[in-house]
Amino acid sequence: MANNTGRPAKTPAAPVKTEINGAAFDKAIRNAPQPGYLLYGDEDYLKNHALAAAHDVLCADPSFEPFNFMRFDSMTYTPEGLLRALQPLPMMADRKLITVTGLCPATMKADDLDALCEVLAMTAEYDYNVLLLSVPAKGMECDAYAKTKALYARLASLLVPVKYDFVSPDRLASWILRHFDHGGVTADAAVPRLLTERCGQDMYRLSFEIDKLCAYVQWNGRTRVTPEDVSFVTSETLSFGAFALSNALLERRTDVALRIVEEKKREREEPVAILSEISRIFGELLRVKTLSSSSPEDKTVAAAAGISPQKLNIYRRALRNATVERLKTVMNEIHTDNFGYIVRTDAQGATAEQLKNEIAYLTETWQGLCKNGKVKNAPALLYDEDSLL
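Student: I would appreciate a short explanation of the environment of I278 in the present structure.
Tutor: Of note, I278 is situated in helix α13 (residues 271-292). By relative accessible area, I278 is classed as buried at 4%. Along the chain, I278 and S246 lie 32 residues apart, while their C-alpha atoms are 6.0 Å from each other.

As structure tokens, this is what we get:
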């Protein structure tokens, strides 16, 4: 159709769907869910909690979960794969659940965003699905406000937008106390304020620090967290540690893992160093999981795994819902082809702890060699074996 100028008339933009908050989303999922939702905003913890709650409601029968639950992240998503997931009917249920996490529409190429939107537009046709697109914090923010506004309007015309902002200080304090209670301890009234002053308002970072505090006070035979514990145990740095990254990988929280990796990149940490540390942690987690199945005694497991009892307590919290198979899978996923290890016959009879220390030494040596290669001008000595004398 042409207008009076002789040019093709533009197709009117689809209206933007009414935005709702997290509480309204939870209610809708239980009563009358829409075919698609856009979960966005600053608080990734609440978004992931919403994903888990939707899974519990829509996939209540675990025997049919392989047919009624499809999960995509930034590593596994393709438009073709998402479309194939939309098409089959649910099995012995009213609806299927499809989650897509880790995608950042603001940084996607135009063609890739077009392909995503084409599939999202089909959610109305396949209305027996509930598709949840969970965008990481800042994943909707373009380099200009007009672009951000246009991106929001485009996605919100296809999916119901659900915004998750940082929670108020009062609500955050209440959540912190409940998190401590869930961990089996209580906390002094001043602890929530001190914890947020030191560690910020990010609920993921706070949950990691709370788990550390629970493990620390329980190991010391106490059940109450004090302000002194917060000052002694928690970290004031704004950076996530390698354990937080390992935890995110273990729980398949790809969006959180990518956020942590971006922070590591900004801090100019070497990728080899990050992989080495994660590999070490997963090796310890796998040993703890395997040893715990044969011996419930903390001291026995800690000694055999070569870790402190306090660290064992933290690891066991992280392993509550993990299986040996999942740990092995993640270790294979984080394996790098950049280097490997040759274990010669001289190592026969060496303990796991001895091999772990040797690997750590070799990795550190290699990192130092690479660093020297970048800063020294040829010809230069990059590495020299220690003298035997």
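Once you've had a look at it, read on.
Student: Would you explain the packing of aromatic side chains in this entry?
Tutor: The geometry of an aromatic ring pair is captured by the separation of the ring centres together with the interplanar angle, meaning the angle of the planes. Counting across every chain of the model gives seven aromatic pairs. Seen from their ring centres, Y45 and Y204 are 5.2 Å apart, and the 70° between their planes marks the pair as edge-to-face. Of the two residues, Y45 is situated in helix α2 (residues 44-58) and Y204 in helix α9 (residues 203-219); the sequence distance between them amounts to 159 residues. Between Y216 and F232, the ring centres sit 5.7 Å apart and the planes meet at 45°, which makes this aromatic pair tilted. Highlighted residues: Y216 in helix α9 and F232 in helix α10 (residues 227-233), separated in sequence by 16 residues.

Student: Quick question: what am I supposed to make of the nonpolar core here?
Tutor: Soluble, globular proteins show a tendency: their nonpolar side chains are buried together. Counting residues in each nonpolar core, the largest one holds 42 residues, and the members touching the most others are F25, Y37, F180, L195 and V225. Among the elements that make up this core, the one with the highest residue count is α9 (nine residues). Once residues lying within four places of it in the same chain are set aside, the contact partners of F25 are I20, Y37, L39, A50, L132, V162 and Y164.

Student: Looking at this model, I keep getting lost on the sheet that holds strand β5 (residues 160-163). Mind explaining?
Tutor: The strands that make up a sheet pair up through hydrogen bonds in the backbone, lying either parallel or antiparallel. Across the sheet, five strands lie side by side as β2-β3-β4-β1-β5; this open sheet has parallel pairing. Strands with a single pairing partner mark the edges of an open sheet, and in this sheet they are β2 (69-72) and β5. Neighbour-to-neighbour, the strand axes of the sheet open up by a mean angle of 15°, direction not taken into account. Here four bridges tie strand β1 (residues 36-40) to β5, and the two strands are oriented parallel to one another. Each bridged residue has a counterpart across the sheet, and for L39 the counterpart in β5 is V162.

Student: In this structure, what is going on with the packing of helix α8 (residues 191-199) against α9? I would like to understand it.
Tutor: In a pair of packed helices, the angle between the axes and the distance between the axes together describe the arrangement. For the pair α8 and α9, interaxial distance at closest approach is 11 Å and the crossing angle is 120°. Comparing their axes, α9 and α8 come out oblique. With respect to the hand of their crossing, α8 and α9 are arranged in right-handed fashion. Residues L195, T196 and C199 of α8 form the contact with α9, whose own contacting residues are R205, L206, E209, I210 and L213. When grouped by side-chain class, the residues that make up the contact of α8 with α9 number five nonpolar, one polar and two charged.

Student: Would you explain helix α5 (residues 110-120) in this entry?
Tutor: Because the α-helix completes a turn every 3.6 residues, residues three or four places apart line up on one side. Here α5 has its buried residues at L113, L116, C117, V119 and L120. Seen along its axis, α5 keeps its buried residues to an arc of 160°; they face one direction. For α5, exposure combined with an orientation more than 90 degrees from the buried face picks out A110, D111 and E118. Those residues of α5 that are buried lie in contact with α4 (79-86), β4 (129-134) and α6 (145-156).

Student: What is the right way to read the side chain of N48 from this model?
Tutor: Mapped onto the secondary structure, N48 falls in helix α2. Within the structure, N48 has its side chain in polar contact with the side chain of Y204 (distance 3.0 Å).

Student: What exactly am I supposed to notice about a nonpolar patch on the surface here?
Tutor: A grouping of F67, M91 and M92 is seen on the molecular surface, where their side chains present a nonpolar patch of about 340 Å² in accessible area. Structurally, the position occupied by M91 is in the loop between α4 and β3 (96-101). With relative accessibility at 35%, the residue M91 sits in the partly exposed group.

Student: Looking at this model, I keep getting lost on the pattern of salt bridges. Mind explaining?
Tutor: Where charged atoms from two side chains of opposite charge come close, those side chains can pair. For the structure on display, the rule yields ten salt bridges. Notably, a salt bridge pairs K212 with E209, separated by 3.1 Å at the nearest N-O pair. In this pair, K212 and E209 are both assigned in helix α9, three residues apart and thus about one turn of the helix distant.

Student: What exactly am I supposed to notice about the packing of helix α1 (residues 22-31) against α2 here?
Tutor: One way to put it is that α1 packs onto α2 with a least axis distance of 9 Å and a crossing angle of 15°. One finds that α1 runs roughly parallel with respect to α2. The handedness of the crossing between α1 and α2 is right-handed. Across from F25, I29 and R30 in α1, the residues of α2 making contact are A50, A54, V57 and L58. Of the residues contributing to the contact of α1 with α2, the split by class is six nonpolar, no polar and one charged.

Reading guide: rules and limits
Along each chain, the written sequence defines residue order, and numbers are assigned to residues from 1. Restriction of local features to residues with pLDDT of at least 70 applies here, the model being predicted, together with a cutoff of 80 or more for giving and counting side-chain atom pairs; totals for whole chains, interfaces and linings are based on all residues. Remark: hydrogens and water are excluded; side-chain values derive from all non-hydrogen atoms of the structure. Segments assigned H or I by DSSP are reported as helices when at least four residues long, segments assigned E as strands when at least two residues long, and all are numbered from the N terminus. A simple rule labels every residue: compare its accessible area, found with a 1.4 Å probe on the protein chains alone, to the largest value its type can have, and call it buried under 20%, exposed over 50%, or partly exposed in between. Pairs were defined over the aromatic rings of Phe, Tyr and Trp, the Trp ring being its six-membered one, requiring ring centres within 6.5 Å. Orientation was assigned from the angle between planes: stacked under 30 degrees, edge-to-face over 60, tilted for the rest. Buried residues of nine kinds, namely Ala, Val, Leu, Ile, Met, Phe, Trp, Tyr and Cys, make up a nonpolar core once their side-chain atoms join them within 4.5 Å. Two residues form a contact once any of their heavy atoms are found within 4.5 Å. Pairing between two strands is assigned when DSSP locates at least 2 bridges connecting them. Note on definitions: angles span 0 to 180 degrees between N-to-C directions of axes, and those axes are lines fitted to C-alpha atoms, for helices only across the stretch in contact. Geometric relationships in this document are graded by angle, where less than 35 degrees denotes roughly parallel, more than 145 denotes roughly antiparallel, 65 to 115 denotes roughly perpendicular, and other angles denote oblique. Each crossing gets its hand from how the near helix is turned against the far one by less than a right angle, where anticlockwise is left-handed and clockwise is right-handed. For this scheme, ten residues count as nonpolar: Ala, Val, Leu, Ile, Met, Phe, Trp, Tyr, Cys and Pro. Four count as charged, namely Asp, Glu, Lys and Arg, and the remainder, Gly too, count as polar. The directions considered for the arc run from the helix axis to the C-beta atoms. Pairing of N or O atoms within 3.5 Å defines a polar contact, subject to two protein rules: one partner must be a possible hydrogen donor and the other a possible acceptor, and residues neighboring in sequence count only if both atoms are side-chain atoms. Only residues whose relative accessible area exceeds 30% and that take part in no salt bridge are eligible for patches, with like-charged residues grouped when within 9 Å of each other and nonpolar side chains (Val, Leu, Ile, Met, Phe, Trp, Tyr) grouped when within 5 Å. A 1.4 Å probe and the Shrake-Rupley method give the accessible areas. Residues count as covered only by the protein chains that appear here. Criterion for a salt bridge: a side-chain nitrogen of Lys or Arg within 4 Å of a carboxyl oxygen of Asp or Glu.

Remember, this is a structural readout, not a statement about activity or role.
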